[in-house]
Amino acid sequence: MINMLDGKTILVTGASSGIGRAVAKFFSIQGCCVVIAGQSESRLNETLSLLSGNGHFSVTGDLSDVEQLKAMMDSVFNKVGALDGIIHCAGIQKTLPLQALKESDFDDIFSVNVKSAQFLAKNFRRKGRYNKDGASLVFISSVAATCGEPAISTYSASKAALIGLTKSLASELSRNKIRVNCIAPGHVETEMAIEFSKQLTNEQLAYIKAKHPLGLGKPEDVAHAAAFLASDLSRWVTGTTLCVDGGYSAQ
Ligand SMILES: NC(=O)c1ccc[n+]([C@@H]2O[C@H](COP(=O)([O-])OP(=O)(O)OC[C@H]3O[C@@H](n4cnc5c(N)ncnc54)[C@H](OP(=O)(O)O)[C@@H]3O)[C@@H](O)[C@H]2O)c1
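Because the structure is a prediction, the values reported are computed rather than measured.

**Some details on the site of the ligand**
In step 1: In the neighbourhood of the ligand, 31 residues make up the surrounding shell, with S17, Q39, R43, Y155 and T190 lying closest.
In step 2: S40 has a polar backbone atom sitting 2.8 Å from an oxygen atom of the ligand.
In step 3: When the free accessible area of the ligand is taken as 890 Å², the share hidden by the protein chains comes to 91%.
In step 4: If one sorts the elements of the shell around the ligand by residue count, helix α6 (residues 191-198) sits on top with 3 residues.
In step 5: For the shell around the ligand, the per-class residue count stands at 13 nonpolar, 14 polar and 4 charged.

If you want it as structure tokens, here you go:
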């Protein structure tokens, strides 16, 4: 197979675990220089140790804080110059029935999942920060954006917001040759999903499995889709949401 991402430099957020870590690993195998972002320095170092090739590095900070996000983007720019893309995997999920939901939960979920995406786009779009011959921005939404499940209404709303953000930003940034797309995964076996599963009964777990005709996903399944959207193979694709969900949303 050709190296889809040879010579590209791509920022992967949420790379200290789960989907982001798998994206960073696969992108490094595809010849990409990967800049990884997260909050836990030790887990980012673990990710770095798993990457192929040289020149990768990490930046740490809280992406829900616009000042910290800006500082992280500034330090990336100072080190590598223009990026070819960003895969924004950082996100949080909280299982909260309405009676347990607090205002602070809503604010946390929207700050990490939506505000970070909006301000990453704003910082990426600045002159000199993106490859002006073509760049790619990918958000990670969820099947929860379009298929309802109980006790995750705020998470679902935040993931639906990413689909709206994707479409409007795709229109706005096409003149800058920045493509903006979204991936909507089904249940992928990561730390986040394992935490979520702990709160479920065996019956609920069986129900989730049954809703994925091709079985549950692996982080690599999302990484492969992200590689397509980051690569020049998708040069005519923008504003879309690619469902990577084992058939969950096909029913
Ligand atoms: N797993 C699934 O089944 C599934 C399904 C659909 C969509 N998704 C979405 O896919 C994305 C990745 O999920 P995952 O399962 O890989 O989750 P995960 O293993 O919990 O990883 C989440 C990542 O986000 C980072 N992060 C969280 N808050 C942050 C903040 N304020 N600033 C910077 N980084 C932050 C974490 O870094 P630190 O730990 O260092 O803070 C971690 O690297 C999320 O957006 C999630 O909503 C997941």
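**Structural notes on the environment of K115**
In step 1: In this structure, K115 sits in helix α4 (residues 103-124).
In step 2: With 109 residues separating them in the primary sequence, K115 and D6 have C-alpha atoms 31 Å apart.
In step 3: Apart from the residues lying within four places of it in its own chain, the contact partners of K115 are S64, V66 and F110.

**Quick notes on the pattern of salt bridges**
In step 1: Taken as a whole and judged by the stated rule, the model has 10 salt bridges.
In step 2: The partner of D232 in a salt bridge is K8, with the nearest N and O atoms 2.9 Å apart. With a gap of 224 residues between them, D232 in the loop between α8 (219-230) and β7 (241-244) and K8 in the segment before β1 (9-13) connect regions that are remote in the sequence.
In step 3: Here the residues in one salt-bridge network are K70, D74, R126 and R129, joined through shared partners.

**So, α4**
In step 1: Here α4 spans 30 Å end to end across 22 residues, near enough to the 32 Å set by a 1.5 Å rise per residue.
In step 2: At S111, α4 is deflected by roughly 40°, the largest bend along its length.
In step 3: Listed in full, the buried residues belonging to α4 are D105, I109, S111, N113, V114, S116, A117, L120, A121, N123 and F124.

**Quick word on the packing of aromatic side chains**
In step 1: Under the counting rule described, the total for this entry stands at 2 aromatic pairs.
In step 2: Centre to centre, the rings of F106 and F110 are 4.6 Å apart; their planes meet at 15°, and the pair counts as stacked. Of the two residues, F106 and F110 both sit in helix α4, 4 residues apart, roughly one turn of that helix.
In step 3: F110 sits in the partly exposed class, given a relative accessible area of 21%.
In step 4: Taken together, a centroid distance of 6.1 Å and an interplanar angle of 70° make the contact between F124 and Y130 edge-to-face.
In step 5: Sitting over the ring of F57, K79 keeps its end group 4.5 Å from the ring centre.

**Comments concerning unusual backbone geometry**
In step 1: Although it is not a glycine, A151 sits at a positive phi angle of roughly 70°.
In step 2: Relative to the helices and strands, A151 resides in the loop between β5 (135-140) and α5 (153-173).
In step 3: For A151, a relative accessible area of 25% corresponds to the partly exposed category.

**Re the pairing of strand β2 (residues 33-38)**
In step 1: Buried residues dominate β2, accounting for 6 of its 6 residues.
In step 2: Alignment of β1 against β2, held across 5 bridges, turns out to be parallel. Residue pairing for β2: T13 is matched across the bridge by A37.
In step 3: On the question of chirality, the crossover connecting β1 to the parallel β2 by way of helix α1 (residues 18-29) is right-handed.
In step 4: Bridge count for β2 against strand β3 (residues 57-60) is 4 bridges, and the pairing is parallel. The partner of G38 across the bridge, within β3, is T60.

**Things to note about the UniProt feature "domain: Ketoreductase" (unreviewed entry) in the protein chain**
In step 1: Under the UniProt annotation, the feature "domain: Ketoreductase" (unreviewed entry) is placed at residues 8-188.
In step 2: A helix fraction of 44% and a strand fraction of 18% characterise residues 8-188, whose end C-alpha atoms lie 27 Å from each other.

**Details of the sheet that holds β3**
In step 1: On the basis of which strands lie adjacent, the open sheet formed by 7 strands has the order β3-β2-β1-β4-β5-β6-β7 and parallel pairing. In this open sheet, the two strands that pair with only one neighbour each are β3 and β7. Pairs of neighbouring strands in the sheet enclose a mean axial angle of 20°, with direction left out of account.
In step 2: The pairing of β1 with strand β4 (residues 85-88) spans 4 bridges and is parallel. Across the sheet, I10 pairs through a bridge with G85, a residue of β4.
In step 3: The sheet contacts of helix α3 (residues 66-80) involve β1, β2, β3 and β4, and relative to β3 the element is tilted by about 160°.

The rules we used
Residues numbered from 1 in each chain as written. Predicted model: local features only at pLDDT ≥ 70, side-chain atom pairs only at ≥ 80, totals over all residues. Heavy atoms only, no water. Near = heavy atom within 4 Å. Polar contact = N/O pair within 3.5 Å; in protein donor to acceptor, adjacent residues only side chain to side chain. Areas by Shrake-Rupley, 256 points an atom, 1.4 Å probe, with all protein chains shown as cover. Helix = DSSP H or I, 4+ residues; strand = E, 2+ residues; numbered from the N terminus. Nonpolar A, V, L, I, M, F, W, Y, C, P; charged D, E, K, R; others polar. Contact = heavy atoms within 4.5 Å. Salt bridge = Lys/Arg side-chain N within 4 Å of Asp/Glu carboxyl O. Expected span 1.5 Å × (residues − 1). Bend = angle between axes of the 7 residues up to and from the residue. Buried < 20%, exposed > 50% of the residue type's maximum accessible area, 1.4 Å probe, protein only. Phe/Tyr/Trp six-rings, centres within 6.5 Å; stacked < 30°, edge-to-face > 60°. Lys NZ or Arg CZ within 6 Å of the ring centre and 35° of its normal. Pairing = 2+ DSSP bridges. Right-handed = clockwise from strand over helix to strand, strands pointing away. UniProt positions renumbered as here; feature names shortened; annotations may be inferred. Axes fitted to C-alpha atoms, helices over the stretch in contact; angles between N-to-C directions.

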